[in-house]
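# Breakdown of the fold
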Amino acid sequence: MIELIKNENSINIELPFFAQEKYLSSKSPEYGWFESELFLLPFIIYKTYIFKRIVFTTEVIQKKTSSIEEEKIFLDKVISHIKKYKICDFIYKPNPSAVFRTYPQNSKPFKWSSYILDIESDLDNMIKKMTSSSQRTDTRKALRDGVKIEITENIEEVYSMCNETLLRQKIPLSIEKDEFIGQFKNFYPHSMLMFKATNNDKVEGVIVMFKDKNNAFAEYSGSINHPKNGLMKLLNLVALKYIADNFDIKTYDFIGAIPDIIEGSKEAGIQKFKKDFGAKLKEGYQFNLVINPFKYKLFNFMLKMSFKLKGIEYIDPVEKSKSLSKTNLQV
């Protein structure tokens, strides 16, 4: 039996960050958790005009040790519940950090993954684990040259650099400023930390991390057009050392990866940046599902027109990821 939970106080297990009410409510006023005896699945509902789309913010959370087959049955029941109660018009691509073990029947599954890094307090040892000798050299040189890494609370500076980086890379996922400020007010410092890297008294890079009791997550990052070689690697490593020193956190999730990406694109360069830390690929699946085909087509048409007016070509995120995969992310 599937229950729809609307209040975190009704849940008696410790939730990962992207399943916590404070995160869900920061994204949308409509959110909740599908729950069974064995599983829990958090979601957000976005309403835009006449359209309702649901986004799962994590993979299925196991309340008890369970099989992949049991998880698949749970997902099938969730889909039936969504259809029966007309909760949404379509199930959109899940959060990038969600890597499912399986997928429901009649959905459109595709391969998905994320780079996970084991972190520790020994900075030199983390540098040694980097897979590229040139990156190790650049990182150590940035350290010797006096690049300064520190925590920052300057939300204007961090927001601007992260957003400008996305715009410079022509990635149509600009960060809403009000949402970013709201996250800072609600998450910082318990669940959110920001770090900056300064070279010759000029800030050249920033990163924003979310965290829970067990994991840290790479949520946003930004840099000037040509930061000092090794600066962004050093920024990440010193921030991770701080996390390891001050919290009982052992892993860092770089959030989302195409498992068989085609080399040469900017996305491949971003993934190489993550992999070069010595991170390991966690592989699995994501899926989407159209419940109301007419509304889905109309929504995508309106979205494309909206981006076109801003001078940006919109491509569906799943189709974009498939175009970057050697196997089209085929399951």
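Now for a quick tour of the structure. (Residues numbered from 1 in each chain as written. Predicted model: local features only at pLDDT ≥ 70, side-chain atom pairs only at ≥ 80, totals over all residues. Heavy atoms only, no water.)

## Focus: the nonpolar core
Heads up, the rule is: Among the buried residues, those of types Ala, Val, Leu, Ile, Met, Phe, Trp, Tyr and Cys that are joined through side-chain atoms within 4.5 Å form a nonpolar core. A 1.4 Å probe rolled over the protein chains alone gives each residue an accessible area, and that area as a share of the maximum for its type sets the label: buried under 20%, exposed over 50%, partly exposed in between. Helix and strand definitions here come from DSSP, where helices need a minimum of 4 consecutive H or I residues and strands a minimum of 2 consecutive E residues; each element is numbered from the N-terminal end.
By size, the foremost hydrophobic cluster in this structure holds 66 residues, and its most contacted members are W33, I119, F180, F210 and Y252. Among the elements that line this core, the one with the most residues is helix α7 (residues 231-246), at 9 residues. Core analysis: the second largest hydrophobic core is formed by 21 residues, I2, F43, V78 and A98 among them.

## Quick look at the pattern of salt bridges
Note on pairing: side chains with opposite charge can pair once their charged atoms come close. Under the convention used in this document: Salt bridges are counted wherever a side-chain nitrogen of Lys or Arg sits within 4 Å of a carboxyl oxygen of Asp or Glu.
Within this structure, the stated rule accounts for 20 salt bridges. The partner of E150 in a salt bridge is K148, and the shortest N-O contact between them spans 3.8 Å. By relative accessible area, K148 is classed as partly exposed at 47%. In this structure, K241 engages D245 in a salt bridge whose closest nitrogen and oxygen atoms are separated by 3.1 Å. Linking K241 with D245, this pair stays in helix α7, spanning 4 residues, or about one helical turn. A residue is classified by how much of its surface remains accessible, and K241, at 27% relative accessible area, is partly exposed.

## Looking at unusual backbone geometry
Here the bond from Y188 into P189 is cis, since omega is -5°, no more than 30 degrees from zero. Here P189 is to be found in the loop between α6 (177-187) and β9 (192-199). Despite not being glycine, Y49 shows a phi value in the positive range, around 55°. Here Y49 shows up in the loop between β3 (39-48) and β4 (51-56). Overall, Y49 belongs to the exposed group, its relative accessible area being 72%. Look at I255: it is not a glycine, yet its phi comes out positive at around 65°. Along the chain, the position of I255 falls in the loop between β12 (251-253) and α8 (266-275).

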